[in-house]
Amino acid sequence: MTAQLACYLTTNDHAILQEILDLDPRDNAYSRLLRSKLLQAAICPPCRVPDDAVTIGSRVTFCVNAGAARTAYVVRNESRDFPVYTISVKSILGLGILGLRAGGTINIETDIGRPQKINVLRLDFQAPAPRLWLVNAVTSAFPRRVMNLAQAPQEGN
């Protein structure tokens, strides 16, 4: 029997993980963790995800197997061009951290079968919800009606 994950994914993060699974359906430690997260996570619109949940674009401080604290940005893709302080959700470590809340812990199995315990010590930054940008873009597209105060209707007239 496996323990229930305490995991929160934005709808966008969930879609990204589903796409990763669809493109590579192999059976390994990464795909098993990926399937588990997709099945058990609470899926939230970006505006409803808990403030201390790790999302793609977040900066998080964590430790592995009670080792030294490490701070990194959680990113979607792996790249040699990214700085060392990024972790992709396409890695077992990045996937393990994604969706956890500050103070949360997850036990994962690596591809070589070794257990790892990941502790999220704190969430330093959470990527802003995209909906805020959309609302601002839509409202700024409408012309604003400017009224000269001298022409404004007066009370009692």
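As a reminder, the structure under discussion sits directly above these lines.
Here goes a summary of the coordinates provided. Once a new chain begins, its residue numbering starts again from 1 and follows that chain's sequence as written. The model is predicted, so local features are restricted to residues of pLDDT at least 70 and side-chain atom pairs to those at 80 or more, both for listing and for counting; the totals for chains, interfaces and linings are taken over all residues. As a convention, hydrogens and water are excluded, and side-chain values are obtained from all of the structure's heavy atoms.

**Quick notes on the overall build of the protein**
1) Next: When its secondary structure is counted, the protein shows four helices and seven strands.
2) Next: Starting at the N terminus, helices and strands are each numbered in turn, a helix being any DSSP run of H or I of at least four residues and a strand any DSSP run of E of at least two. Sequence-ordered secondary structure for the protein, helices as α and strands as β, is β-α-α-β-β-β-β-α-β-β-α.
3) Next: The proportion of buried residues among the 157 residues of the protein is 36%.
4) Next: Contacts in the protein between residues far apart in sequence, at least 24 positions, make up 59% of those at least 6 positions apart. Only protein chains enter the calculation, and the probe is 1.4 Å; a residue is then buried if its accessible area is under 20% of its type maximum, exposed if over 50%, and partly exposed in between. It only takes one pair of heavy atoms within 4.5 Å for two residues to be counted as in contact.

**Describing the nonpolar core**
One recurring pattern in soluble globular proteins is that nonpolar side chains are buried together.
1) Next: Residues enter a nonpolar core if they are buried and are Ala, Val, Leu, Ile, Met, Phe, Trp, Tyr or Cys, with the set joined through side-chain atoms within 4.5 Å. Within the largest apolar cluster, 31 residues are counted, with the highest numbers of intra-cluster contacts made by L17, L34, V60, F62 and I97.
2) Next: Listing elements by their share of this core, those giving two or more residues are α1 (11-23), α2 (29-40), β3 (59-64), β4 (70-75), α3 (92-97), β6 (105-109) and β7 (115-125).
3) Next: The dominant element in this core, judged by the number of residues it contributes, is α2, at five residues.

**Description of α1**
1) Next: If you check α1, its first and last C-alpha atoms are 18 Å apart, about what 13 residues at 1.5 Å a residue would give, namely 18 Å.
2) Next: Three or more residues of α1 are buried, namely D13, I16, L17, I20 and L21. Down the axis of α1, the buried side of the element spans an arc of 135°, and every buried residue falls inside it. Those residues of α1 that are exposed and aimed more than 90 degrees away from the buried face are D22 and L23.
3) Next: Of the surrounding secondary structure, the elements contacted by the buried residues of α1 are β1 (8-10), α2 and α3. By definition here, a helix of n residues has an expected span of 1.5 Å times n minus one. Arc, as used here, means the arc of the directions from the helix axis to the C-beta atoms.

**Thoughts on the environment of R70**
1) Next: Along the chain, R70 falls in strand β4.
2) Next: Given a relative accessible area of 37%, R70 falls into the partly exposed group.
3) Next: Put simply, R70 and V60 are ten residues apart on the chain and 8.2 Å apart in space, counted from C-alpha to C-alpha.

**With respect to the environment of D52**
1) Next: Note that D52 resides in the loop between β2 (42-44) and β3.
2) Next: Overall, the relative accessible area of 23% leaves D52 in the partly exposed class.
3) Next: Here R101 takes part through its side chain, which lies 2.7 Å from a polar atom of the side chain of D52. Distance and chemistry together define a polar contact, namely a pair of N or O atoms within 3.5 Å, with one atom able to donate a hydrogen and the other to accept it when in protein, and with adjacent residues in sequence counting only for side-chain atoms on both sides.

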